[in-house]
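Descriptive structure summary
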Amino acid sequence: MTKNTDSRTDDTNINTANVNTDFLMKLLSEAGPSGFEGRPASVWLKEAATFARTRRDSYGNSYAEIGPEDGQPIILLGHLDEIGLMVSHIDDNGFIAVLNIGGWDAQVLVGQRIRFLAPGGDILGVIGKKAIHTMDEEDRRKASKLEDLWIDTGLSADDVTAKIPVGTVAVIEQPPLLLGDKVVSKALDNRVGAFVVLEALRKLSQGKVTRRIVAVGTAQEEIGIFGAQTSSYSLDPVAGIAVDVTHETKQPGVSEKKYGKSPFGSGASLSVGALFNPVVTNGLQAAGKAEGIPFSVSATPKYSGTDGDALALSRGGVPTGVVSIPNRYMHSPSEMVQLSDVQACIDIIAAWVEGLPEGEVDFSRP
């Protein structure tokens, strides 16, 4: 997730008719919390295999590659994992206690349906909380805490213990929706970023490809950008782009003084800051201007909290840019993005890669 502090808006040149919504919806439908990304990775790799060389490493990162098979690549990172829950305890009545996988607001969890990725097959449950009728005034004023919630599967204690052992992971059970030109779903942070990097790679594959280019659906971003660390080190790239989401700033409660202006329709949010290479970020802006692709500029003076941080610090340092999609209701079951912004991110990344000069590129900072 990136913070945005300045922007411009113009989505008139973005055609969303070609957005591969079937693929996006399939990707969003799968359960894949950090460290357990196998299901969305299978969808991503199956789609990638229609136009690229593919593989998955032992850490859980997924790769799609076009162009020459050797040499330092340009890499595009978007993480496949989503926030989730892990079983920590089962009481004598079969009620399940859980711990966070990633950053949850416990208020969002109250009353939600849950899918356990249990060893013998998926099991559904509901998150329980003391009913308001049984609360005293002090309890009613308190915010919910995860340790005060539980999950009820409707099964006996013996069945729960046998079928849902400690360490089983779970995600919110909510299907994705198309609401006009908006997509609403869990896991848009950052399944949509993994979608963008693969669609950018697909677009590049349809032209002349003289460079080795690798899209990576990274693992375990939500718990520490770990997959970006391992994949970046393994690939030893010459430069790269990380794609994530940022806060859409027309929603109530989001301060433009803090986050700037990145409303729906403003296109790709481009991070500018100490960690990110100015040759890359300036190149992205130049590509957007040249091709009429809308973008905003995000001041990120320290770090972004995205895979781009790990990429920038890999090995001896990798010239890095971060591209983000405006997103409402982050880390909830009903995150929302606009398709024109998704397409803008695809287009600006492809335009940047296509605009790189032949041969070695000088990414030296001024």
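Residues numbered from 1 in each chain as written. Predicted model: local features only at pLDDT ≥ 70, side-chain atom pairs only at ≥ 80, totals over all residues. Heavy atoms only, no water.

**Overview of the sheet that holds strand β18 (residues 335–338)**
What the three strands build is an open sheet, ordered β11-β12-β18; its pairing is antiparallel. Two strands bound the open sheet, and with one partner strand each, they are β11 (177–179) and β18. The mean angle between the axes of side-by-side strands here comes to 25 degrees, regardless of whether they run parallel or antiparallel. Relative to β18, strand β12 (residues 182–185) runs antiparallel, the two being bridged by four bridges. Among the inter-strand pairings, serine 185 is bridged to a residue of β18, identified as glutamate 335. Relative to the sheet, helix α1 (residues 21–29) contacts β11 and β12, its axis offset from that of β12 by approximately 15 degrees. With respect to the sheet, helix α6 (residues 188–205) is in contact with β12 and β18, its orientation differing from that of β18 by roughly 30 degrees. (Pairing = 2+ DSSP bridges. Helix = DSSP H or I, 4+ residues; strand = E, 2+ residues; numbered from the N terminus. Axes fitted to C-alpha atoms, helices over the stretch in contact; angles between N-to-C directions. Contact = heavy atoms within 4.5 Å.)

**Brief notes about the pairing of strand β8 (residues 123–128)**
Strand direction decides the pairing type here: strand β7 (residues 113–116) and β8, joined by four bridges, are antiparallel. The residue bridging arginine 113 from the neighbouring strand is valine 126, located in β8. The antiparallel pairing of β7 with β8 creates a hairpin that spans six residues between the two strands, and glycine 121 there sits at a positive phi of about 130 degrees. As paired elements, β8 and strand β9 (residues 150–152) share three bridges and run antiparallel to each other. Residue pairing across strands places valine 126 opposite aspartate 152, the latter belonging to β9.

**Considering the packing of α6 against helix α11 (residues 339–354)**
Geometrically, a packed helix pair is captured by the angle between its two axes and the distance between the axes. Here α6 crosses α11 at 45 degrees, and the two axes come no closer than 9 Å. Between α6 and α11, the interaxial angle falls into the category oblique. For the pair α6 and α11, the sense of crossing is right-handed. Here Val192, Phe195, Val196, Glu199, Ala200, Lys203 and Leu204 of α6 lie close against α11, whose contacting residues are Val342, Cys345, Ile346, Asp347, Ile349, Ala350, Val353 and Glu354. (Parallel < 35°, antiparallel > 145°, perpendicular 65-115°, else oblique. Left-handed = near helix turned anticlockwise from the far one by under 90°.)

**Describing a nonpolar patch on the surface**
Judged by side-chain polarity, Tyr59, Ile223 and Phe226 come together as a nonpolar surface patch covering roughly 240 Å² of accessible area. Residue class for tyrosine 59 comes out partly exposed when judged on its relative accessible area of 32%. (Patch = residues over 30% accessible without salt bridge, like charges linked within 9 Å, V, L, I, M, F, W, Y side chains within 5 Å. Areas by Shrake-Rupley, 256 points an atom, 1.4 Å probe, with all protein chains shown as cover. Salt bridge = Lys/Arg side-chain N within 4 Å of Asp/Glu carboxyl O. Buried < 20%, exposed > 50% of the residue type's maximum accessible area, 1.4 Å probe, protein only.)

**Some points on the environment of leucine 235**
Along the chain, leucine 235 turns up in helix α7 (residues 226–235). For leucine 235 and valine 214, which are 21 residues apart along the polypeptide, the C-alpha to C-alpha distance reads 8.7 Å. Not counting residues within four places of it along the chain, the set of residues in contact with leucine 235 comprises Arg55, Tyr63, Pro73, Ile75, Arg212, Val214 and Val216.

**Some thoughts on the environment of valine 353**
Secondary-structure assignment places valine 353 in helix α11. In this structure valine 353 comes out as buried when scored by relative accessible area, which is 6%. Expressed as a C-alpha distance, the spacing of valine 353 and isoleucine 241, which sit 112 residues apart in the sequence, is 9.9 Å. Contacts of valine 353, omitting those with residues within four sequence positions, involve Ile74, Leu204 and Ile213.

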